[in-house]
Amino acid sequence: MAAPGTRSFSLSGLLPAQTSLEYALLDAVTQQEKDSLVYQYLQKVDSWEQDLSMPEFPEGLEWLNTEGPISVYKDLCGKVVVLDFFTYCCINCIHLLPDLHALEHTYSDKDGLLVVGVHSAKFPNEKVLDNVKSAVLRYNITHPVVNDADASLWQELEVSCWPTLVILGPRGNMLFSLMGEGHKDKLFLYTSIALKYYKDRGQIRDKTVGIKLFKDSLPPSPLLFPGKVIVDHVTDRLVIADTGHHRILVVWKNGQIQYSIGGPNPGRKDGTFSESTFNSPQGVAIMNNVIYVADTENHLIRKIDLEAEIVSTVAGIGIQGTDKDGGAKGEQQPISSPWDVVFGTSGSEVQRNDILWIAMAGTHQIWALLLDSGKLPKKNELKKDTCVRFAGSGNEENRNNAYPHKAGFAQPSGLSLASEEPWSCLFVADSESSTVRTVSLKDGAVKHLVGGERDPMNLFAFGDVDGVGINAKLQHPLGVTWDKKKSLLYVADSYNHKIKVVDPKTKNCLTLAGTGDASNISSSFTESTFNEPGGLCIGENGRLLYVADTNNHQIKVMDLETKTISVLPVIKSENSVVDGRFLLYKQKTLPKLPKSAPRISLSPVTASPGQTLQFKLRLDLPSGTKLTKEVPSCWFLTAEGCSNIKR
């Protein structure tokens, strides 16, 4: 093999040598043979006249989890380095993180290994450092991360997809590249032999890189990155996926916790509420005191029986699946990163809620779990507990088609059902195509509603534009909820930090609330702000909208009548075991007022839990009088049957 004649930064320089290696590895039988082939490959690459050198990190880039900027040729000299080119929205990048965590658990900085994340954003929202910080916290990334907002390293190395791993030797010399997910065995093989090869040559240095974990500065809070919220219309409760705390909360609508299930650490265990664990749960659905959970990073669907206080697994095997057809019994069927769930009905005319629809983000599809025997459109009778694909080819596309298996989704992350005529469809928040799509419950046909563009391969048609159909633009929407009473669809336009409303009849999409700034203001619809809201649901017969304001670690309550937004307080009950800070309401002693103080009775007002009421107080003072500055005044409000009133 001819050595490269000139110093080059492009990954293409590795392609001929690494391709030959990978063909040879296909014929290798034993682990010893594989190790030997990689060792010989490194001898060849190391003998090139000039290294295929990694460019230095550009000056001025923002770093996380470090004490300061890192230099390839100063700080990383003497290390085997794995560079992870990722963007935090990407499900494939999320799938890669457990492999990197396992690698870091096996080899430490002292062994000569360091992983560095190079965040190369797809969406404009992902270029903002604060948003990258939130992602680093959300996914428990503990290695250094550089925010390459302009993708300068990506372009210089000619990286072509997310994720891409680049393995460097101790001189900043590029050794291997791995594109996409699913290369754990190769990652461990290449890294372990590289460490051995360079240790044999005395080139590995026992030099530590200053790590300062950003998560250590995060204050405790009742919720941590809540992903989804749903209303139990029968019992006046909310179910919250407290994703960052790896648990499910069942709360009354005043915010008081009834059940805390799982958490605070990730795990995969069935059993009683006190012993069961989850891993970054997202979508939730509740019916008849039973909750179904999209246990996303466990690649499972879990069932919570609130009466028996037991958690069980109903779909998935606990590791990421690659099957894009399904058809096995739930507990035997591998699935991949389920992100949302919603109840539905099979071919029967009677509303039975015998299907659990699943937004399978990991395989870019919509699946169904049969809760009872039934039929799906264009399918034969299916047995109870069957878990099967309903729509989506598995290719990451924005492709609409009358045949459900030929349609293509791009990381579907939110579902809502409109079972009534004339809609009879599933609404899908298809995040990576920045669209909202529909799937017919009659024949499975997949159609466009708003966002994106006509080219099914273009997943970059995003923006923040109110409009009709394809002229409307969204940015990575994660949630949808259907208002049956008004025939309107509400959308969590996550990366635009807005809540939007869509009329499916006219395909008109308008901003309902949020300024577009990523901050935390609860006021009127026009003045309030969100930070990557991930889920929402309709409540109180269409009067309230509950929003999982993910990066603000809150549940927001939107009053659709008064057009105001408030925060749902999360209140720790004596019987629930929870971590973090919680609001504890104490009975307040009413102040003593003079007998001459006026008492005003107001007309009765009907209010719902979580609803915001506004009272305006106007003082008509006698002419020539005024209030003395800094002298305290006192007023209070009482209401019949209400113990928790904010004053």
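Calculation notes
- Residues numbered from 1 in each chain as written.
- Predicted model: local features only at pLDDT ≥ 70, side-chain atom pairs only at ≥ 80, totals over all residues.
- Heavy atoms only, no water.
- Helix = DSSP H or I, 4+ residues; strand = E, 2+ residues; numbered from the N terminus.
- Buried < 20%, exposed > 50% of the residue type's maximum accessible area, 1.4 Å probe, protein only.
- Phe/Tyr/Trp six-rings, centres within 6.5 Å; stacked < 30°, edge-to-face > 60°.
- Pairing = 2+ DSSP bridges.
- Axes fitted to C-alpha atoms, helices over the stretch in contact; angles between N-to-C directions.
- Parallel < 35°, antiparallel > 145°, perpendicular 65-115°, else oblique.
- Left-handed = near helix turned anticlockwise from the far one by under 90°.
- Contact = heavy atoms within 4.5 Å.
- Nonpolar A, V, L, I, M, F, W, Y, C, P; charged D, E, K, R; others polar.
- Core = buried A, V, L, I, M, F, W, Y, C linked by side-chain atoms within 4.5 Å.
- Domains from an automatic or database assignment.
- Salt bridge = Lys/Arg side-chain N within 4 Å of Asp/Glu carboxyl O.
- Polar contact = N/O pair within 3.5 Å; in protein donor to acceptor, adjacent residues only side chain to side chain.
- 1 Å grid on protein atoms, 1.4 Å probe; cavity = no way out; pocket = protein on both sides within 12 Å on 5 of 7 lines; lining within 4 Å.
- Points joined across faces, edges and corners; volume = space filled by probe spheres on them.

Asker: Give a detailed account of the overall build of the protein, specifying residues and quantitative values.
Answerer: Per the secondary structure count, the protein includes 6 helices and 35 strands. Taking all 647 residues of the protein together, 55% fall into the buried category.

Asker: So, the packing of aromatic side chains: which residues are in play, and what are the values?
Answerer: Following the criterion strictly, the structure yields 16 aromatic pairs and no others. Their ring planes at 85° and their centres at 5.5 Å tell us that Tyr-259 and Phe-273 sit as a pair that is edge-to-face. With Tyr-259 in strand 10 (residues 257–262) and Phe-273 in the loop between strand 11 (271–272) and strand 12 (284–287), the pair connects residues that are 14 residues apart, well separated along the chain. Judged by relative accessible area, which is 17%, Tyr-259 ranks as buried. Here the aromatic rings of Tyr-292 and Phe-343 are separated by 5.7 Å at their centres, their planes lie at 85°, and the arrangement is edge-to-face.

Asker: Could you give an account of the sheet that holds strand 29 (residues 488–493), naming the residues involved and the relevant values?
Answerer: Strand order in the open sheet formed by 5 strands is 27-31-30-29-28, and the pairing between neighbours is antiparallel. In the strand order of this sheet, the two ends are held by strand 27 (467–468) and strand 28 (479–483), each with one partner.

Asker: Mind laying out the pairing of strand 7 (residues 228–232), listing which residues take part and the relevant values?
Answerer: For strand 7, the buried fraction is high: 4 of the 5 residues fall into the buried class. The pairing of strand 7 with strand 8 (residues 237–242) spans 5 bridges and is antiparallel. Looking at the pairing, Val-229 lines up with Ile-240 of strand 8. Here strand 7 folds back onto strand 8, and the loop between the two strands holds 4 residues, one of which, Asp-236, carries a positive phi near 60°.

Asker: Could you give an account of the packing of helix 2 (residues 31–46) against helix 6 (residues 184–200), with specific residues and numbers?
Answerer: Following both chains from N to C, one finds helix 2 and helix 6 inclined at 60°, their axes separated by 9 Å at the closest point. Here helix 2 is positioned oblique relative to helix 6, judged by the angle of their axes. In the crossing of helix 2 with helix 6, the sense of the turn from one axis to the other is right-handed. Residues Gln-31, Lys-34, Asp-35, Val-38, Tyr-39, Leu-42, Gln-43 and Asp-46 of helix 2 touch helix 6, and the partners they reach there are Leu-189, Tyr-190, Ile-193, Ala-194, Lys-196, Tyr-197, Tyr-198 and Asp-200. Looking at the contact of helix 2 with helix 6 residue by residue, the class counts come to 9 nonpolar, 2 polar and 5 charged.

Asker: Describe the sheet that holds strand 34 (residues 554–559), listing the residues and the values that go with them.
Answerer: An order of 32-33-34-35 is seen for the 4 strands of this open sheet, with the pairing classed as antiparallel. Of all the strands in the sheet, just strand 32 (535–539) and strand 35 (564–567) have a single pairing partner and so form its edges. Strand after strand, the sheet turns through a mean of 25° between neighbouring axes, direction not considered. Where strand 34 and strand 35 come together, 4 bridges link them in antiparallel fashion.

Asker: Can you lay out the nonpolar core for me, pointing to particular residues and giving the numbers?
Answerer: In this structure, Phe-57 and Leu-83 are the most contacted members of the largest nonpolar core, which totals 76 residues. Element by element, the count of residues in this core is highest for helix 6, at 8 residues. A domain split of this core shows at least three residues from each of domain 1 (11–216) and domain 2 (219–568). Here Leu-83 is in contact with Met-54, Phe-57, Val-116, Val-118, Thr-164, Leu-165, Val-166 and Leu-168, once residues within four sequence places are set aside.

Asker: Please give an account of the pattern of salt bridges that cites residues and values.
Answerer: Using the criterion set out here, one finds 22 salt bridges in the structure. One salt bridge connects Lys-253 with Glu-540, and the closest N-O pair in it is separated by 2.5 Å. Taken together, the residues span a long stretch of sequence, with Lys-253 in the loop between strand 9 (247–252) and strand 10 and Glu-540 in the loop between strand 32 and strand 33 (544–549) at a distance of 287 residues. Residue classification places Lys-253 among the buried residues on the basis of a relative accessible area of 4%. A salt bridge links Glu-421 to Lys-442; its shortest N-O distance comes to 3.1 Å. You can see Glu-421 sitting in the loop between strand 23 (412–418) and strand 24 (425–430) and its partner Lys-442 sitting in the loop between strand 25 (435–440) and strand 26 (446–451), a full 21 residues away along the chain. Look at Lys-442 and you get exposed, because its relative accessible area is 54%. Linked by salt bridges that have partners in common, Asp-464, Asp-493, Lys-498 and Lys-500 make up one network.

Asker: An account of the pairing of strand 18 (residues 355–360) is needed here, citing residue identities and associated values.
Answerer: Within strand 18, 6 of the 6 residues are buried, which leaves the element mostly enclosed by the surrounding structure. Neither face of strand 18 is open: one carries Ile-355, Trp-357 and Ala-359, the other Leu-356, Ile-358 and Met-360, and all of them are buried. In the sheet, strand 17 (residues 338–344) pairs with strand 18 via 6 bridges, with the strands oriented antiparallel. The residue bridging Val-342 from the neighbouring strand is Trp-357, located in strand 18. Judged from the 6 bridges that link them, strand 18 and strand 19 (residues 365–370) form a sheet pairing that is antiparallel. Across the sheet, the residue bridging to Trp-357 is Ala-368, located in strand 19.

Asker: Describe the environment of Asp-200, listing the residues and the values that go with them.
Answerer: Along the polypeptide, Asp-200 turns up in helix 6. Within polar-contact distance, the side chain of Asp-200 engages the side chain of Tyr-39 at 2.7 Å.

Asker: Quick one: what's the story with the packing of helix 1 (residues 15–27) against helix 2, residue by residue and with numbers?
Answerer: The geometry of helix 1 relative to helix 2 is characterised by a closest axis approach of 10 Å and an angle of 165° between their N-to-C directions. Here helix 2 runs roughly antiparallel to helix 1, going by the angle between their axes. Note on packing geometry: the crossing formed by helix 1 with helix 2 is right-handed. Between helix 1, through Ala-17, Gln-18, Leu-21, Ala-24 and Leu-25, and helix 2, the contact on the second element is made entirely by Lys-34, Leu-37, Val-38 and Tyr-41. Looking at the contact of helix 1 with helix 2, its residues break down into 7 nonpolar, 1 polar and 1 charged.

Asker: Quick one: what's the story with empty space enclosed by the protein, residue by residue and with numbers?
Answerer: Within this structure, the stated rule accounts for 4 cavities of 30 Å³ or more. If you add up the space inside the largest cavity, you get close to 190 Å³. Arg-138, Tyr-139, Gln-282, Trp-339 and Leu-478 are the residues nearest the centre of the largest cavity, which is lined by 16 residues in total. Considered class by class, the residues forming the lining of the largest cavity number 7 nonpolar, 7 polar and 2 charged. Counting residues domain by domain, the lining of the largest cavity receives three or more from each of domain 1 (11–216) and domain 2 (219–568). Here the second largest cavity defines a volume of roughly 60 Å³. Every residue lining the second largest cavity is listed: Arg-138, Tyr-139, Thr-243, Ser-280, Gln-282, Thr-296, Glu-297 and Trp-339.

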